[in-house]
Amino acid sequence: SIEYLTPEGTLHEERICFRHEPPMHLSRVIKNIENEWKSFKYFISPPTGIDMTTVNAIRSECESHNQAFGLVIGYPGFHAWEGKVTGSVQTLTYTFYDTPSILDEWFELELEAGTKGMELYLALKPDYICFGGSGTLTLANTELVMRYAIPALKKWSAMAKAAGVPSVLHSCGKSRLLVDMLVEHTDINCVNPLECPPMGDVDLAEVKRSHGND
């Protein structure tokens, strides 16, 4: 049970962890998005620094195994937000049609925070940057991905390219149309896992023919 105190009010969530199982929500931090958005906004703010003790320990461990040292950053969209909201994707869908200004502000706040995070990450000169967003297209549609995910990925992958750092996107589930969007709109160098049916919708031979050089 976790309680969060903000200047706009108190938020609360509960999780349970069974042995050998991942944690699950008993209740999520946002119960009513319209009433609690002002409080939840305090969760989203640009980072001010990085714990270099932890970063150096991870980099050293990677080097000791002759592995690349990478850093992961999440990006906006239904895939990232659904776990915060009671009702998950259904609630976000109603919010998109009833009060889209909330989701647009959520995107803008995460874009600002993520841009600062990218600046801090790239200053560390990692071997690669990973954009993490499993379910990007499985939990949304192309319109929503273009509205919330792609603008952030376009900006952040351009930052990585300018710094000479390769970027990879990880998104489980359906991703065939996502590949098209990434090639057209971003500078991302690699995407995985490109799952075949039934979990995904990718034919590896087809996507290789279509975008292998990209």
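Predicted, not measured: the structure shown is a model, and the values here were computed from it.

A.B. asks: Sorry if this is basic, but what is going on with unusual backbone geometry here?
C.D. replies: Generally, phi is negative for residues other than glycine and the peptide bonds are trans, each holding for most cases. Residues Asn192 and Pro193 are joined by a peptide bond in cis, for which omega reads 10°. Residue placement: Pro193 occurs in the loop between strand S7 (190-192) and helix H8 (204-211). The residue after Pro197, namely Pro198, is reached through a cis peptide bond having omega 5°. Within the secondary structure, Pro198 sits in the loop between S7 and H8. The phi dihedral of His20 falls on the positive side, at around 65°, and the residue is not glycine. Within the fold, His20 resides in the loop between strand S2 (9-16) and strand S3 (24-27). Judged by its relative accessible area of 76%, His20 is exposed. Even without being a glycine, Ser88 presents a positive backbone phi close to 55°. Within the secondary structure layout, Ser88 lies in helix H4 (residues 88-98).

A.B. asks: Looking at this structure, I do not really get the environment of His12. What am I missing?
C.D. replies: The residue His12 is located in strand S2 in this model. Spatially, the C-alpha atoms of His12 and Lys31 are 8.9 Å apart, while their sequence positions differ by 19 residues. Leaving out residues up to four positions away in the same chain, His12 has contacts with Ser1, Ile2, Ser27, Arg28, Val29 and Lys31. A distance of 2.8 Å separates a polar atom in the side chain of His12 from a polar atom in the side chain of Ser1.

A.B. asks: Can you walk me through the sheet that holds strand S1 (residues 2-6) in this structure?
C.D. replies: Pairing between sheet strands relies on hydrogen bonds along the backbone, with the strands arranged either parallel or antiparallel. Taken in spatial order, the three strands of this open sheet run S1-S2-S3, and their pairing is antiparallel. The strands lining the two open edges of the sheet, one partner per strand, are S1 and S3. Neighbour-to-neighbour, the strand axes of the sheet open up by a mean angle of 30°, direction not taken into account. Two elements, S2 and S3, share three bridges in a ladder whose sense is antiparallel. Paired with Arg15 across the two strands is His25, which belongs to S3.

A.B. asks: Looking at this structure, I do not really get the sheet that holds strand S4 (residues 70-74). What am I missing?
C.D. replies: Strand order in the open sheet formed by four strands is S4-S5-S6-S7, and the pairing between neighbours is parallel. Only two strands of the sheet have a single partner each, and these edge strands are S4 and S7. Strand-to-strand, the axes of this sheet are offset by a mean angle of 25°, without reference to chain direction. Alignment of S4 against strand S5 (residues 128-132), held across five bridges, turns out to be parallel. The partner of Gly70 across the bridge, within S5, is Tyr128.

Cut-offs and rules
- Residues numbered from 1 in each chain as written.
- Predicted model: local features only at pLDDT ≥ 70, side-chain atom pairs only at ≥ 80, totals over all residues.
- Heavy atoms only, no water.
- Helix = DSSP H or I, 4+ residues; strand = E, 2+ residues; numbered from the N terminus.
- Buried < 20%, exposed > 50% of the residue type's maximum accessible area, 1.4 Å probe, protein only.
- Contact = heavy atoms within 4.5 Å.
- Polar contact = N/O pair within 3.5 Å; in protein donor to acceptor, adjacent residues only side chain to side chain.
- Pairing = 2+ DSSP bridges.
- Axes fitted to C-alpha atoms, helices over the stretch in contact; angles between N-to-C directions.

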